[in-house]
Amino acid sequence: MIIGKMNKKCGIFGLLLLFVAQAQCIMWYQEPNAIKCLREEIQGNVLVVGEYEVSEVFGQKVNFVTRDSKGHILAQKDDVQQGKIFKFSFVTETYDTFEICFTSHVPQHQRGVKQEVTLNVKKGIEVKNYEGIGEAAKLKPIEVELKRLEDLSEAIVQDFARMRKNEEEMRDTNETTNSRVLYFSIFSMLCLLSLATWQVFYLRRFFKAKKLIE
């Protein structure tokens, strides 16, 4: 029974490692005169390597650019040669949100056609050449695989730590916002009570002055 539970946990952990290790390879159809951007949050000091390909359509142009949230351009290519695979790479300096954008341009006298765009992105441990590392360190295949799983486990721990930190920041923000809303509500109630009390005394003096009440 215990062995069955351990196998189940190892299977779930293996699937999680496999999910983290998969490269992001996607394909879509780029609309004419449209912009398509993909965004992802990446840790600092991480190597990102990717390649892309745009299907060939005569007369249409596609521009490629990669930048961070501050607008700094990390990789760029104007008028991508269609039907050919292009590669790009950059290293992240800090934790940030990075975006990859493709922009289609069609001449006014030409009718636009959808173009097929394929993008394959790898980052972090996905970029490491474990075969080369194993040959350099003279490691056995099982040792190379264990090294890869160790790096994957460390990457998962870092991702969980980042998500936990983000959760704590969001919780602190929510608590701070709730406190401010509470204080503002109390202040508003005090202002309304003060205004209501002032109105009562003012009307009382007014009616007394008009001798409507004693």
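So, here is what we can say about the structure in this document. (Residues numbered from 1 in each chain as written. Predicted model: local features only at pLDDT ≥ 70, side-chain atom pairs only at ≥ 80, totals over all residues. Heavy atoms only, no water.)

## Quick look at the pairing of strand 6 (residues 85-91)
Going by this rule: For every residue, the accessible area obtained with a 1.4 Å probe (protein chains only) is divided by the maximum for its type, and the residue is called buried under 20%, exposed over 50%, and partly exposed between those limits. Numbered from the N terminus, helices here are DSSP runs of H or I no shorter than four residues, and strands are runs of E no shorter than two. A strand pair is defined by DSSP finding two or more bridges across the two strands.
Of the two faces of strand 6, the one holding F86, F88 and F90 is buried and the one holding I85, K87, S89 and V91 is not buried anywhere. By the bridge criterion, seven bridges tie strand 3 (residues 47-54) to strand 6 in an arrangement that is antiparallel. Paired with L47 across the bridge in strand 6 is V91.

## A look at the sheet that holds strand 5 (residues 73-77)
For clarity, the cut-off: The angle between two axes is taken between their N-to-C directions and runs from 0 to 180 degrees, where each axis is a line fitted to C-alpha atoms and a helix contributes only its stretch in contact.
Strand order in the open sheet formed by four strands is 2-7-4-5, with antiparallel pairing between adjacent strands. On the outer flanks of this sheet lie strand 2 (35-42) and strand 5, each paired with one strand and no other. Geometrically, the sheet is characterised by an average inter-axis angle of 10° between neighbouring strands, direction not taken into account.

## Section: the pattern of salt bridges
Spelled out, the test is: Definition used for salt bridges: Asp or Glu carboxyl oxygen within 4 Å of a side-chain nitrogen of Lys or Arg.
For the coordinates displayed, the defined rule picks out eight salt bridges. In this structure, K147 engages D151 in a salt bridge whose closest nitrogen and oxygen atoms are separated by 3.7 Å. One end of the pair is K147 and the other is D151, both in helix 3 (residues 141-209) and four residues apart, which spans about a single turn. Given the relative accessible area of 33%, K147 is considered partly exposed.

## Some thoughts on the state of the cysteines
For clarity, the threshold we go by: In plain terms, two cysteine sulfur atoms within 2.5 Å form what is called a disulfide here.
Applying the stated criterion across every chain, the model contains one disulfide. Here C37 is linked by a disulfide to C101, with a sulfur-sulfur distance of 2.0 Å. Note on the C37 and C101 pair: the S-S dihedral is about 115°, so by sign convention the disulfide is right-handed. Placement of C37 in strand 2 and of C101 in strand 7 (residues 96-105) is noted, with a sequence separation of 64 residues between them. Judged by relative accessible area, C37 falls into the partly exposed class, the value being 25%.

## Here's the deal with the pairing of strand 3
Remember that side chains alternate between the two faces of the sheet whenever the strand is regular. Going residue by residue along strand 3, you find V48, G50, Y52 and V54 tucked away on one face and L47, V49, E51 and E53 left uncovered on the opposite face. Two strands pair when backbone bridges link them, and strand 3 and strand 8 (residues 115-123) are joined in this way by seven bridges, in the antiparallel orientation. Residue pairing for strand 8: E51 is matched across the bridge by N120.

## Considerations on the packing of aromatic side chains
Stated formally: Ring pairs shown here join Phe, Tyr and Trp side chains whose ring centres sit within 6.5 Å, with only the six-membered ring taken for Trp; geometry is labelled stacked below 30 degrees between planes, edge-to-face above 60, and tilted in between.
One pass over the full model with this rule turns up 10 aromatic pairs. Judged by centre distance (5.5 Å) and plane angle (70°), the ring pair of W28 and F102 falls under edge-to-face. Remark: F102 occurs in strand 7 and W28 occurs in strand 1 (residues 24-30); sequence separation between them is 74 residues. Looking at W28, the relative accessible area reads 11%, which means it is buried. Here the aromatic rings of F64 and F102 are separated by 5.3 Å at their centres, their planes lie at 50°, and the arrangement is tilted. One end of the pair, F64, is in strand 4 (residues 61-67); the other, F102, is in strand 7, with 38 residues separating them in the sequence. Taking the relative accessible area as the measure of exposure, F64 reaches 2% and is therefore buried. One aromatic cluster is present, built from ring pairs that chain together W28, Y52, F64, F86, F88 and F102.

## Looking at unusual backbone geometry
At N45, a residue that is not glycine, the phi angle is positive and equals roughly 55°. Take N45: it is sitting in the loop between strand 2 and strand 3.

## A closer look at a nonpolar patch on the surface
The criterion, for reference: Any residue with relative accessible area above 30% and no salt bridge may belong to a patch, with like charges joined within 9 Å and the nonpolar Val, Leu, Ile, Met, Phe, Trp and Tyr side chains within 5 Å. Accessible areas in this description were obtained via Shrake-Rupley with a 1.4 Å probe; residue shielding takes into account the shown protein chains only.
Taken together, the side chains of L195, W198, Y202, L203, F206, F207, L212 and I213 present a nonpolar region at the surface, about 780 Å² in accessible area. The partly exposed category is assigned to Y202, whose relative accessible area is 42%.

## Some details on helix 3
Inclusion rule: Multiply 1.5 Å by the residue count of a helix minus one, and that product is the helix's expected span.
Here helix 3 is 69 residues long and its end C-alpha atoms lie 101 Å apart, about the 102 Å a rise of 1.5 Å per residue gives. Of the residues trailing helix 3, K211 is marked for its positive phi of about 55°.

It is worth stressing that arrangement in space is one thing and function is another; only the former is reported here.
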